[in-house]
Amino acid sequence: MSDVEAPKTPDTPMKPSVAIAIAADGATAAVGSVPSSPSLTSARRASLESPSPIISKLDPPTNSLVTPLLNDLYQITMSYAFWKTNRHLDRAVFELFFRKNPFGGEYTIFCGLDEVLRHLSNFKFSADDLEYLRTCPALAHCDAEFFDDYLANLDCSDVKVYAMREGSMAFPRVPLIVVRGPMGVAQLLETTLLTLVNYPSLVATNAARMVVAARGTGRHSPEGEEGGIVVHSPGSPGGTRLVRKVPKCVEFGLRRAQGPDGGFSASKYAYVGGFDGTSNVQAGKVVGVPIVGTHAHSFVQSHSSLDDARHLTLKDEDGNDANLLERALEYRDRILPRTMGGDWTSPTNDGELAAFLTYAAAFPDSFLCLIDTYDTLRSGLRN
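Rules of the game
- Residues numbered from 1 in each chain as written.
- Predicted model: local features only at pLDDT ≥ 70, side-chain atom pairs only at ≥ 80, totals over all residues.
- Heavy atoms only, no water.
- Salt bridge = Lys/Arg side-chain N within 4 Å of Asp/Glu carboxyl O.
- Helix = DSSP H or I, 4+ residues; strand = E, 2+ residues; numbered from the N terminus.
- Buried < 20%, exposed > 50% of the residue type's maximum accessible area, 1.4 Å probe, protein only.
- Pairing = 2+ DSSP bridges.
- Expected span 1.5 Å × (residues − 1).
- Arc of directions from axis to C-beta.
- Contact = heavy atoms within 4.5 Å.
- pLDDT = per-residue confidence, 0-100.
- Phe/Tyr/Trp six-rings, centres within 6.5 Å; stacked < 30°, edge-to-face > 60°.
- Core = buried A, V, L, I, M, F, W, Y, C linked by side-chain atoms within 4.5 Å.
- Axes fitted to C-alpha atoms, helices over the stretch in contact; angles between N-to-C directions.
- Parallel < 35°, antiparallel > 145°, perpendicular 65-115°, else oblique.
- Left-handed = near helix turned anticlockwise from the far one by under 90°.
- Nonpolar A, V, L, I, M, F, W, Y, C, P; charged D, E, K, R; others polar.

A. Fine view of the pattern of salt bridges. Using the criterion set out here, one finds 12 salt bridges in the structure. Between Asp143 and Lys84 there is a salt bridge, with the nearest N and O atoms lying 2.7 Å from each other. Of this pair, Asp143 sits in the loop between α4 (127-135) and α5 (144-150) while Lys84 sits in helix α2 (residues 73-84), placing them 59 residues apart in sequence. When the shortest N-O distance is used, the salt bridge between Asp158 and Arg91 registers 2.6 Å. One end of the pair, Asp158, is in the loop between α5 and β7 (160-163); the other, Arg91, is in strand β5 (residues 91-98), with 67 residues separating them in the sequence. In the salt-bridge network here, residues are joined through shared partners; they are Asp114, Glu115 and Lys268.

Structure, rendered in structure tokens:
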């Protein structure tokens, strides 16, 4: 989705919303803040403010694989060529941008900046990294000083990063991140920054589109109509105001994700895109995304008859023990057909109903069932 433009001369670059400088010890400072602007022209004209106080060094990237070696080989060979010709300290400006919005849409949600800053704050080749690079055939002829003097002491202390605010709406060919610094180290950041931005932005954008689709064109209800969307009934005098609940979007994609990191990133950045929660418990622990869930088809299939639920009781509104199965059957067989109309007389799967009741008894305050194990409309919905 994204790309990095060839190095520019170090004239004043476009300054998006936030600028970050990396100190020699890996600490970060907000070099300047440019107010958000609906006009790209005004954003380009905005000047940086006074530097903010240095804050402590950032934690390492969430994924331990994010190191200087998470890179394409040609980034390292180009850095060597710059070093070999004594151009590695030349100042350069790289712009990270994309050419088309994903999914044929009109916008992109920019994400991944948090991990980018963690990477820059902790950028350092380890002794093991350098030992491995020496053994690579493509680098075997390189001067020892390139590894021992240059890469061994390389960090991002002379790098400045200008970026849009994470979660901002972005558009094609407008830089998301601008990297300004020595050409040797700036070249080494390209691939890593792309992989830290592309997938998160893709997930967040898709999530935002799903949220918009789920909530429709109605507006959120005013105060006093909590959790609703106001819609208007077409053709009614004055337009009848109807309030319906705001649909919730929840991410359940871990089992089909591109590995553990793909699953974690999807949970994290779908939340940035507007989702309400995830089934991924690890994402809940690490980044605080609310965790939610139903139950599996296997749970339903593990119940075969209503006998599995005959002993279940819950407290009723008066505080008395009520037989859960008797109440459920009364509602399904007598009350529901009278209130809903239609054909509610066909038999349902008793094992499925027993599973629902068993799960409801275990989680009476947060029960959510999965209704498509056998027949969604004729059994699951009725049960």
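So, next bit.
B. Summary view of the pairing of strand β9 (residues 177-182). With respect to burial, β9 is a largely interior element, five of its six residues being buried. With six bridges connecting them, β5 and β9 associate as antiparallel partners. Of the residues in β9, the one forming a bridge with Phe94 is Val179. Bridge count between β7 and β9: four bridges; the pairing is antiparallel. Note on β9: the bridge partner recorded for Lys160 is Arg180.

C. A look at α2. For α2, built from 12 residues, the straight-helix expectation of 16 Å at 1.5 Å per residue is met to within 8% by its first-to-last C-alpha distance of 17 Å. Residues of α2 that are buried: Gln75, Ile76, Ser79, Tyr80, Phe82 and Trp83. Angular distribution of buried residues about the axis of α2 spans 160 degrees; they occupy a single face of the element. Close packing links the buried residues of α2 with α4, α5 and α6 (183-215). Count one or two residues on from α2 and you reach Asn86, which has phi positive near 60 degrees.

D. A look at the confidence of the model for the protein chain. Model confidence for the protein chain is summarised by a mean pLDDT of 82, while 75% of its residues fall at 70 or above. The weakest mean pLDDT in the protein chain belongs to helix α1 (residues 40-45) at 27; the strongest belongs to α2 at 98. Note on residues 28-55: pLDDT is under 50 here. Beyond four places in sequence and across chains, it has 54 contacts. Across residues 221-225 the pLDDT falls below 50, and counting only partners more than four positions away or on other chains, this stretch makes 11 contacts in the model.

E. Looking closely at the side chain of Ser79. The topology assignment puts Ser79 in helix α2. Looking at Ser79, the relative accessible area reads 0%, which means it is buried. Beyond its immediate sequence surroundings of up to four residues, Ser79 is in contact with Phe146, Tyr150, Gly184 and Leu188.

F. Looking closely at unusual backbone geometry. One non-glycine residue, Asn86, lies in positive phi territory at about 60 degrees. Residue class for Asn86 comes out exposed when judged on its relative accessible area of 60%. Look at Arg173: it is not a glycine, yet its phi comes out positive at around 65 degrees. Looking at the element boundaries, Arg173 is found in the loop between β8 (169-170) and β9.

G. Focus on the packing of aromatic side chains. Throughout the structure, instances matching the rule amount to nine aromatic pairs. Within the aromatic cluster, the residues linked to one another by ring pairs are Tyr80, Trp83, Phe146, Phe147 and Tyr150.

H. Local environment of the nonpolar core. Counting 44 residues, the largest nonpolar core has Leu133, Leu151, Leu176, Ile177 and Val179 as the members making the most contacts within it. Looking at this core, the elements that each hand over two or more residues are α2, β5, α3 (113-121), α4, α5, β7, β9 and α6. Broken down by element, this core gets its largest block of residues, nine residues, from α6. Core analysis: the second largest hydrophobic core is formed by 13 residues, Cys111, Ala204, Ala266 and Tyr269 among them.

I. Highlighting the packing of α3 against α6. α6 packs onto α3 with a crossing angle of 150 degrees between their chain directions and a minimal axis gap of 9 Å. One way to sum up the angle between α3 and α6 is to call them roughly antiparallel. The chirality of how α3 crosses α6 is right-handed. Across the interface between the two elements, Glu115, Val116, His119 and Leu120 from α3 touch Leu189, Thr192, Leu193, Leu196 and Val197 from α6. Considered class by class, the residues forming the contact of α3 with α6 number six nonpolar, two polar and one charged.

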